[in-house]
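Letter by letter, the chains look like this.
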Amino acid sequence: SQTIHQWPATLVQPVGSPLSLECTVEGTSNPNLYWYRQAAGRGLQLLFYSVGIGQISSEVPQNLSASRPQDRQFILSSKKLLLSDSGFYLCAWSGGTNQPQHFGDGTRLSIL
Amino acid sequence: GNSVTQMEGPVTLSEEAFLTINCTYTATGYPSLFWYVQYPGEGLQLLLKATKADDKGSNKGFEATYRKETTSFHLEKGSVQVSDSAVYFCALMGSGGSNYKLTFGKGTLLTVNP
């Protein structure tokens, strides 16, 4: 069966520091991969999605970037974090277009 | 563009009460519709889905019917349990050029008291 792993589960970072969040999927090949952010009391906002290695589409211009160095690995990065980057970050995968998305357990990011 | 509107909570019920969480959507074409559930401190889990008009999705006693004429996908459960306490998200996946992307409602917090 397929599983998705995200780490770390929680992270506290100072303003201006770099960020790297990692997500890996097991049990499937060539998944679509997604990064979402969930701000407190709000819904989910799609940040990035990828349909293959090295293929990244950005939904919202921002301080973050994403990379997909391997088929089942998706990384969310920032060179300099802002206070507004605080939130709950969720990685998801799907088997393709029109397929349900399956989420990881998320990373709670606090910026001080 | 696509959008989802769901009733804002919080919703507080007693155990064994009937649950309805309303969800309406705006989309072109023929979207697929989903309900996700998020338990405290966790990611989202797919609860149920429907891919065409009049389809009924069901899982764990929850049901929702895809009503194209009213553009709705209301979530119902006949008898809630304390363990159903969570945030529920209605979502749609568009057809055509937006068939990779989920659009979510803002979520509805459900608290079930014993």
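The structure under discussion appears in the preceding block.
Throughout what follows, the structure given in this document is the object of discussion. Just so it is clear, the model here is predicted, and its values are computed rather than measured.

1. Description of the sheet that holds strand 7 (residues 56–59) of chain B
Residue and element names in this part refer to chain B.
Then, number 1: A sheet is described by the order of its strands in space; here four strands give the open sequence 3-9-8-7, paired in antiparallel fashion. Each of the sheet's edge strands pairs with one partner strand only, and the pair in question is strand 3 (19–21) and strand 7. For this sheet the average axis-to-axis angle between neighbouring strands, irrespective of direction, equals 15 degrees.
Then, number 2: Here strand 8 (residues 62–65) runs beside strand 9 (residues 75–77); their pairing, made up of three bridges, is antiparallel. The residue bridging alanine 64 from the neighbouring strand is leucine 75, located in strand 9.

2. Some words on the pairing of strand 12 (residues 108–113) of chain B
All names here are of chain B.
Then, number 1: The side-chain alternation of strand 12 yields one buried face, formed by Thr108, Leu110 and Val112, and one unburied face, formed by Leu109, Thr111 and Asn113.
Then, number 2: For strand 2 (residues 11–14) and strand 12, the ladder comprises four bridges, and the chain directions are parallel. The residue bridging serine 14 from the neighbouring strand is asparagine 113, located in strand 12.
Then, number 3: Sheet analysis places strand 10 (residues 86–93) next to strand 12, joined by three bridges and oriented antiparallel. Within strand 12, the residue paired with alanine 86 across the bridge is leucine 110.

Analysis parameters
Residues numbered from 1 in each chain as written. Chains lettered and ligands numbered in written order. Predicted model: local features only at pLDDT ≥ 70, side-chain atom pairs only at ≥ 80, totals over all residues. Heavy atoms only, no water. Pairing = 2+ DSSP bridges. Helix = DSSP H or I, 4+ residues; strand = E, 2+ residues; numbered from the N terminus. Axes fitted to C-alpha atoms, helices over the stretch in contact; angles between N-to-C directions. Buried < 20%, exposed > 50% of the residue type's maximum accessible area, 1.4 Å probe, protein only.

Keep in mind these numbers describe shape, not what the thing actually does.
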